[in-house]
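# Inside the fold
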6 protein chains.
Amino acid sequence: MRIDNRQNDELRKVTIQRNYLLYPNGSVLIKVGNTAVLCTVSIEDKVPHFLKGTEKGWLTCEYSMLPGSTHSRKMRDSTRGKIDGRSQEIQRLIGRSLRTSIDLSKIGERTIWIDCDVLQADGGTRTASITGAFVAMYEAVYKLFKDGLITEFPVKDFVAATSIGKIGEELILDLNYEEDSSAEVDMNVVMNERGQFIEVQGTGEEALFSKTELFEMVDLAEKGIKTLIEKQKDALIDIRMELELDEENCISNE
Amino acid sequence: MRIDNRQNDELRKVTIQRNYLLYPNGSVLIKVGNTAVLCTVSIEDKVPHFLKGTEKGWLTCEYSMLPGSTHSRKMRDSTRGKIDGRSQEIQRLIGRSLRTSIDLSKIGERTIWIDCDVLQADGGTRTASITGAFVAMYEAVYKLFKDGLITEFPVKDFVAATSIGKIGEELILDLNYEEDSSAEVDMNVVMNERGQFIEVQGTGEEALFSKTELFEMVDLAEKGIKTLIEKQKDALIDIRMELELDEENCISNE
Amino acid sequence: MRIDNRQNDELRKVTIQRNYLLYPNGSVLIKVGNTAVLCTVSIEDKVPHFLKGTEKGWLTCEYSMLPGSTHSRKMRDSTRGKIDGRSQEIQRLIGRSLRTSIDLSKIGERTIWIDCDVLQADGGTRTASITGAFVAMYEAVYKLFKDGLITEFPVKDFVAATSIGKIGEELILDLNYEEDSSAEVDMNVVMNERGQFIEVQGTGEEALFSKTELFEMVDLAEKGIKTLIEKQKDALIDIRMELELDEENCISNE
Amino acid sequence: MRIDNRQNDELRKVTIQRNYLLYPNGSVLIKVGNTAVLCTVSIEDKVPHFLKGTEKGWLTCEYSMLPGSTHSRKMRDSTRGKIDGRSQEIQRLIGRSLRTSIDLSKIGERTIWIDCDVLQADGGTRTASITGAFVAMYEAVYKLFKDGLITEFPVKDFVAATSIGKIGEELILDLNYEEDSSAEVDMNVVMNERGQFIEVQGTGEEALFSKTELFEMVDLAEKGIKTLIEKQKDALIDIRMELELDEENCISNE
Amino acid sequence: MRIDNRQNDELRKVTIQRNYLLYPNGSVLIKVGNTAVLCTVSIEDKVPHFLKGTEKGWLTCEYSMLPGSTHSRKMRDSTRGKIDGRSQEIQRLIGRSLRTSIDLSKIGERTIWIDCDVLQADGGTRTASITGAFVAMYEAVYKLFKDGLITEFPVKDFVAATSIGKIGEELILDLNYEEDSSAEVDMNVVMNERGQFIEVQGTGEEALFSKTELFEMVDLAEKGIKTLIEKQKDALIDIRMELELDEENCISNE
Amino acid sequence: MRIDNRQNDELRKVTIQRNYLLYPNGSVLIKVGNTAVLCTVSIEDKVPHFLKGTEKGWLTCEYSMLPGSTHSRKMRDSTRGKIDGRSQEIQRLIGRSLRTSIDLSKIGERTIWIDCDVLQADGGTRTASITGAFVAMYEAVYKLFKDGLITEFPVKDFVAATSIGKIGEELILDLNYEEDSSAEVDMNVVMNERGQFIEVQGTGEEALFSKTELFEMVDLAEKGIKTLIEKQKDALIDIRMELELDEENCISNE
C-alpha cells in the first residue's frame, strides 16, 4: 500500500482552476495532490528575431519554484545570479511539449509566453505544469480566436503529462515527494489525446531498469494521462462547446 | 467619487488568509482589493557572518512580482540577470519595517526569511506585503515559541502599512493601480499599533506637495493603518488568545 | 552641543566648485563638511527606446562611492558583480528629484546623464549629491541653451536636499557620519525654491517617531534647504545674470 | 539507403584514443564518424560541502562545444555570460549516467571531474561524450587504484550511449548531424553491459511516436550500445588484464 | 644545460597541422614542444556596429584554456562567470598582432573570428597561439580569395611570436612551463617577416632586467621568430605557390 | 614642435598632492598635464587564501575611469556587468609593478589595496597611476612602520612609469591624449631608481618599429622616469627624512 493509500496505478486528486488571475491572457491554478502550480499565459505581439517576417508564431516557457514552495526555503534564481540547471531542463521540456499541440503558423507573428510558478512542491511539478499550462494556453488562444485576431483555432491535440517510478519491485503512478525521494527509477511521460508520445524520459537514479519495466511504466503512464486529459476537457467544457457551435454554424452556413 | 466608489479615506476590502502553504514556518495570502501577495516566512538556524557568536537573530526580505501579476507580462529578474532597482528598494523597506517590530535578540542565532511574491498587482503591493508579512512572521515566530525553541515571545508591536496619493486636489487613501498611475504625489507610510511612525516616504511625481498636504496625508495614513492593524489582530485571534493564556498561566504559577 | 560645535539647526560648511573637470558638459565638486561628491553631467544625443519619436528628453542618474571614500575600503560594485541596493535606491532618488526641476520636453531627444561619485563620505552623501548635481545640470543645460541647441532654458526651479535626524531627544540638521551612526531616526528631504516638497523619507532605525517629531523635522529641513538654495544661486550667479539679460533682451525686442 | 550508405541499424566508425593529454588523470579522444569529443578526467582531493565527513566521493561533469566545432561559429558560454540550457541538460545527463557505473563510496573524499569538450560536432555529441568519458574515467580511477590510493577498484559496469531517430517511416541508429536535423523523433539511450537502462529520452520534434515505435527504437539502441561497449573493452584491454591478474593474485594469495 | 637538453637559443620542436577541423574557414593544430593549441578561424558576414557602412572588415580573438590543459584542472570561465584577466590580456594581444598582418580594408564588411583553445599548456601558449592562428587565418582568407569573394589577397606579412626568459644569469629562448615558472624575467615578442616589431612585452617577476639584458633578449627573440616564420611558410607552401601562380598569370595576361 | 609646445623628450607638468583624503591609509592626487588620477591605499589585516599562514603580505590593484573622465561619457563597469579588458590589463600591470618595489614578507599577513580612479583622462593614465600609487603606498606603509605595526620599513626602490610614442618619424616622451590617438607606436615603461626595468611594453598600432627605434624609445623613457622619481622623492621628503633619522638613531644606539 502507498503512503497515501493509493493503488499503484492511481493518480492523486487533480483540480484545475481557470481564470485564476485578472491580467494574463490565460491563467490556471492546477493542484495535483499537494502540488500546486500557477500557470499563466501571456501573448505578446512580436516574435524572436529568427521568426520575423515568417508570419509564424512562437511559444516559450519559464518555470520557477517560489522560495516557500519546498521543505527548506529555495533560494531564488535571481539571488543566485543564474537559473539552475534543473529549472532550465524543465522549462525546455514544457515548451517543447506544448509546441507539439498547437499549429504556430496559425497564430500570426505572436509569442505565447508560458509561465509555470510552483507555489507548493510535493512531487511531479513538471508534469503538473504541462497539464495545467495546456489548459491556460487553450483558454488564452481561444480569446484570440473569439476576438477575431486569428481566423482558425490553432490547438490540435490535448496534451498532458505524468510521472511513474519504481520503488523496490513496485511500479507506481504519479509520485508524491516522499515517493519520489525514495524512487530508484523515475520516468516522466508526455502524451497527447491520440495516444502518441511527445516525450519519454526514464532515469535510473539508485537502481536501473529492464526493458520489461520500461514498457510497463509506459503502460501505466498511458493510463494516467488518459484520465488527466479527461480532467482537462472537463475544465474547458464551456470553450469546447463554443468551438463546436462555431463549427456547426460554419457547416450550417454552407 | 473614486473609480471604485470608495470614499477618499476608505480602504479597499482586505482579507488575510493564514496557513496558506504547507511547508514554510508561516504563510499568508493577503488580498487588498485586487492586489494579492503571497507572504511566506522561513526560519533558518544560522545568521549572516557579521552576527555569528552574538546570540542575536536576523531578519531579511525578498520581494518579487510573478510574470503574470501585471497588465503586460513582467520579465523575471533571473532572466534579466539582476534584481530591478524598484524591487530592491521595496524589499529593503519591508525588511526594515519588520525589524522594528521584533526583538531579534530573543530569537537566538536564527534568520527569519520573509518572501513576498506578488500574484496580482493592482497598486499598493509594497504596503500589502508589509501588512501580510507581519502576520506570517507572527505565526512563524509563535511556532518557535510554542515548540520551546525560544523562551520569550519576541514580537513587540503590530505593524502595518498603506499608501496615500494626491489626484488633482483630492487626497485619497489606499490607491489602486489606476489611481496610482494618475496620482501626482504618492506616499507610503508604515506605522505601529502605538501610532509611531516607522517609515514615511512621500514622492512628488507629476506635481509636488505643500507642508499642509504632507500633514493631511499622514493623517489619512494613520486612519487607514489603524483599521489594518485591527484586521491583523482578527486574523491572529487564536494565537493572541494562546499567548494571553500563557501569560496568565505564568502569573498563576507565581 | 553637537560633536562639531554646531547648533541643532546649523548646516555644515558648504562649498560648490564649478567646472571641476574639462570634458563633461557640467561638473561640480560639492563639499558639505568633510563629505565630498563629484557631480558630472554628460548630455547624449539620444533617448531610451520608450521615448524615441516623442521629441522629449530623459534624465538618469548613477551614484557610486569610491573605494577610498569610507572608513574601511568599500568594495567596488564591478567587483561584487552587481550594484548594491543602497546605491540603486540613492540613484533613483537623485534622478527623480532632478526630473521635477526641469522641463524635459524642452531639451529635445537628449539624455542628461548625472554621475555622482563620492570621493569622501562623512554623512549626507545622497543629499549633497542632489544639491551638487542640480548645479552641474544647470551649468550643462545652460551650455546647450547658449549654443542654440535648445531654444528655451528648461530649468524650472532650484532644488536642494538635506538630512535631519533624532538623537536622544534632540532633532538635528545635516548629520555627519558620526551623528548618522548614532541617530535613531533618519530623514531626507528634497525641496524646491518655492517650498514645495519633492521627497520626504523618514525612517526609524533604532527608535520610531511621533507625528509631532515628524513635523518638526520637516520644519528643520525647510530651513536648511533654503540656505542651500542660496548657496546654489551664488554659485551660479554668472549664468543667472546672463539668463536675465537674455530675457530682458527678449522683452526689449518685442 | 542512408546518406553515408549505412544500414538503418549500423553505427558510424568509432575510435577511442586513450592517454590523449599529458596532465589529466584520464583523457580520451573519441571519434564517432566525424563527431570528435575530448573527454578529460581530473581527480581532486576534496568533495562538495554536503559530502564532507561522509568518506564518499563525488562525480560531476561539464560539457562544452568549442567555437569551431559547428557549421557556423558557436558563441562561447563565457561570452554569453551563462551556460546555455542545452549544455546544462547534457552535462547533467553525462554526470548522472557515469555515477551509476561507479561505487563512489570506494574512492574516498575525492571529486571526479569529467570534462567533455566537443572539437567537432556531427551529431550525437552527448552520447559520444558518455561513451568516451566512461573510458577516461576507467583509466583515471585505475591509476588511483594502482597507486594504492584506493583499495578496491570501484567501477561496476561498462556504460555507453547512442541515439536513435525516426525519419519518415524509417527508424535509424546513430544519427549524424544531417540526419538529426531532419529527424522527426529523436531518442537517446544510456545502457550498461548487463542490458539495464540508465536513461531513455525520446522526444517528438516534428512528429510524435507510437508505443510500437518506442519499443523498436529501444531495441535498436540496445544493439548499438552492445557494440560500443565492446569497443570500450577493447580500448581498455591492458587495464582489464591487469585487473584480472590482480584478482587472480589475490585468490592465489589466499 | 636546459632541462630538455636544448641550447639557450634553441626552439622546441614545432609542428603545424592544417585543416584540422571540417567546419571552420581555417583551422590549425600547432604544437610547440608539449604545448598544443587549436586555432580556428571563422569568417562572418557582418562587422561590429562601429564599422557598418565603412566597407572595412574586423578581426577579433578569443583565447581559452581547456580544463584538462593544465597540471591541476583549470576552472572554466563560464563557471566562474567571467573571463579571467590573463585570458583577456592574451586575446587582446593575439588580436592586435594579427590585425597588423592583414589589410582589413580588403576583406569587405566581414569579421574574422580567431579562436585559440589551448589543449595542452606547457609554456608559451600565447606565442604559439599567434604563430598558429596566423596560419589558420592565411588559410581562411585564401579560401575567400579563391572563391572570388574578395579580389585581392589581403595578408601583408608573416607574423610569429616567441618568448624569452632570464633564469639566473642565463637568457633562454622559448621557455617551457618548468622554465617559465622559475624565470625571473619573462618577455614575449611578436615580429613580422621584415624584422619589424609588433609587440615587445618584458616583465620582471622575481628579478628585474638591465638595458643590456633587454637588448640581448630582443636579439634572441628575433632569431627564434625567423625560424618560426620559415615553419609557417613551409606549412602554407601549397597556398603560397597558388598565389604566386595567380600573380604570374596576372602578369602573363597583361 | 608638439601640440603643447613641448620638446620631444619633455614631460608634462607633474604635481603630486599627498593626504588628499581623510580615511584611506594613503592617498595621492597625481596630475600629469591634464591627466588626474586619485590613488588611494587601504591596508587590510588579512591575506588571500593562498597566503594564509605564510606570514607574508599581498598587494593588489584596481583601476577604473570615472564616467566624466573622458571626452564622451564612459559607461561604468558595474553597469556593463563586467570589468573591461583594458582596465584589467592596467590593474594587473600596476599591481605587478608595485610588488617589485616592496618586500611583502616584511608587512605581515596584510593586504595592500591600491585603488587608482581616473578623474580626468588626457593620456598616460596607467603610467600616472603607477607613479602616484607608489607615493600613496609609501605614505601608507610608513604609517604602519611609525605605529610600530611592522618593524622594518619594507619599501625597497622608488618606482615610476611613463609612456613613449612614435608619430611620423618622431619619437616623443609622455604622450597626451591627442598624441596618443595619432601615435603609430605606443610604449609604456616602468623602471626603478636603480635604472632596472620592471616592465617594457611596446605595441605597434598603425606602424611597426625597428630594433633601433625600440632602443631609442627605451632611452627616452629612462630619462623621463628619472625625473619622475625625483618628483616622488620631493613629495615624500618629510617621510624620507624621518626614515633617515630613524636609521641614524639605530646606528647611534649600537
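All figures in this text were calculated on a predicted structure; none of them were measured in a lab.

### Quick look at the relation of the copies chain B and chain A
For the pair chain B and chain A, the superposition axis carries a translation of 0.0 Å, the fit reaches an RMSD of 0.0 Å, and the rotation angle comes to 180 degrees. Such values leave the two copies arranged in the relation of a two-fold axis. Within chain B, the C-alpha atom positioned nearest to the axis of rotation is that of Ser 78 of chain B, 2.1 Å from it. When the interface residues of chain B are mapped onto chain A, 100% of them again lie at the interface, so the same face is used by both copies.

### What about the nonpolar core?
As a rule of thumb, nonpolar side chains are buried together in soluble globular proteins. One finds Ile 112, Ile 114 and Met 137 of chain B together with Ile 112, Ile 114 and Met 137 of chain C to be the most contacted residues of the largest nonpolar core, which totals 144 residues. Beyond its immediate chain neighbours, meaning those up to four positions away, Ile 114 of chain B contacts Thr 40, Val 41, Leu 59, Thr 60, Cys 61, Glu 62, Leu 98, Ala 133 and Met 137 of chain B.

### Topic: the relation of the copies chain A and chain D
Each copy of the sequence occupies a distinct position, and chain A is placed on chain D by a rotation of 180 degrees and an axial shift of 0.0 Å, giving an RMSD of 0.0 Å. Most of the interface of chain A is mirrored in chain D: 100% of its interface residues are interface residues there too.

### Some details on the arrangement of the chains
With no contact between them, chain B and chain D keep their nearest C-alpha atoms 10 Å apart. Separated in space, chain A and chain F share no contact, their closest pair of C-alpha atoms being 12 Å apart.

### Focus: the packing of helix H5 (residues 211-235) of chain A against helix H5 (residues 211-235) of chain D
As a packed pair, H5 of chain A and H5 of chain D sit with axes 12 Å apart at the nearest point and diverge in direction by 160 degrees. On the basis of the axis angle, H5 of chain A is roughly antiparallel to H5 of chain D. Crossing of H5 of chain A against H5 of chain D: the hand is right-handed. Across the interface between the two elements, Lys 211, Leu 214, Phe 215, Val 218, Asp 219 and Glu 222 of chain A of H5 of chain A pack against Lys 211, Leu 214, Phe 215, Val 218, Asp 219 and Glu 222 of chain D of H5 of chain D. Of the residues assigned to the contact of H5 of chain A with H5 of chain D, the class counts are 6 nonpolar, no polar and 6 charged.

### Topic: the environment of Met 75 of chain C
When you line up the elements, Met 75 of chain C lands in the loop between strand S4 (58-65) and helix H1 (77-80). Its relative accessible area of 45% is what places Met 75 of chain C among the partly exposed residues.

### A word on the interface of chain B and chain A
Listed by partner, the interface residues are 31 residues for chain B and 31 residues for chain A. Between chain B and chain A, a total of about 2,700 Å² is buried, with carbon and sulfur atoms accounting for 54% of that surface. It is Tyr 23, Arg 73 and Arg 76 of chain B in chain B that bury the most area against chain A; as a group they hold 27% of the surface buried on that side. Across the pair Arg 76 of chain A and Asp 117 of chain B runs a salt bridge whose closest N-O atoms are separated by 2.9 Å.

### So, the packing of aromatic side chains
Taken as a whole and assessed by the stated rule, the structure comprises 57 aromatic pairs over all chains. Here the guanidinium or amino end of Lys 233 of chain E rests over the ring plane of Phe 158 of chain E, the centre of that ring lying 5.2 Å away.

### Some thoughts on the sheet that holds strand S5 (residues 111-120) of chain A
Sheets are built from strands paired through backbone hydrogen bonds, the pairs being either parallel or antiparallel. Residues and elements named next belong to chain A. Taken together, the 5 strands give an open sheet; going across it, the order is S1-S2-S3-S5-S4, and neighbouring strands pair in mixed fashion. Strand pairing shows two members of the sheet lacking a second neighbour, strand S1 (14-18) and strand S4 (58-65), which therefore form its edges. When strand polarity is set aside, the average angle formed by the axes of neighbouring strands in this sheet is 15 degrees. With 5 bridges connecting them, S1 and strand S2 (residues 26-32) associate as antiparallel partners. Opposite Thr 15, over in S2, you have Lys 31 as the bridge partner. Sitting on the sheet, helix H2 (residues 85-99) touches S4 and S5, and the angle it makes with S4 is about 145 degrees.

Thresholds, definitions, all that
Residues numbered from 1 in each chain as written. Chains lettered and ligands numbered in written order. Predicted model: local features only at pLDDT ≥ 70, side-chain atom pairs only at ≥ 80, totals over all residues. Heavy atoms only, no water. Least-squares fit on C-alpha atoms with pLDDT ≥ 70 in both. Contact = heavy atoms within 4.5 Å. Core = buried A, V, L, I, M, F, W, Y, C linked by side-chain atoms within 4.5 Å. Buried < 20%, exposed > 50% of the residue type's maximum accessible area, 1.4 Å probe, protein only. Axes fitted to C-alpha atoms, helices over the stretch in contact; angles between N-to-C directions. Helix = DSSP H or I, 4+ residues; strand = E, 2+ residues; numbered from the N terminus. Parallel < 35°, antiparallel > 145°, perpendicular 65-115°, else oblique. Left-handed = near helix turned anticlockwise from the far one by under 90°. Nonpolar A, V, L, I, M, F, W, Y, C, P; charged D, E, K, R; others polar. Buried area = accessible area lost by both parts, 1.4 Å probe. Salt bridge = Lys/Arg side-chain N within 4 Å of Asp/Glu carboxyl O. Phe/Tyr/Trp six-rings, centres within 6.5 Å; stacked < 30°, edge-to-face > 60°. Lys NZ or Arg CZ within 6 Å of the ring centre and 35° of its normal. Pairing = 2+ DSSP bridges.

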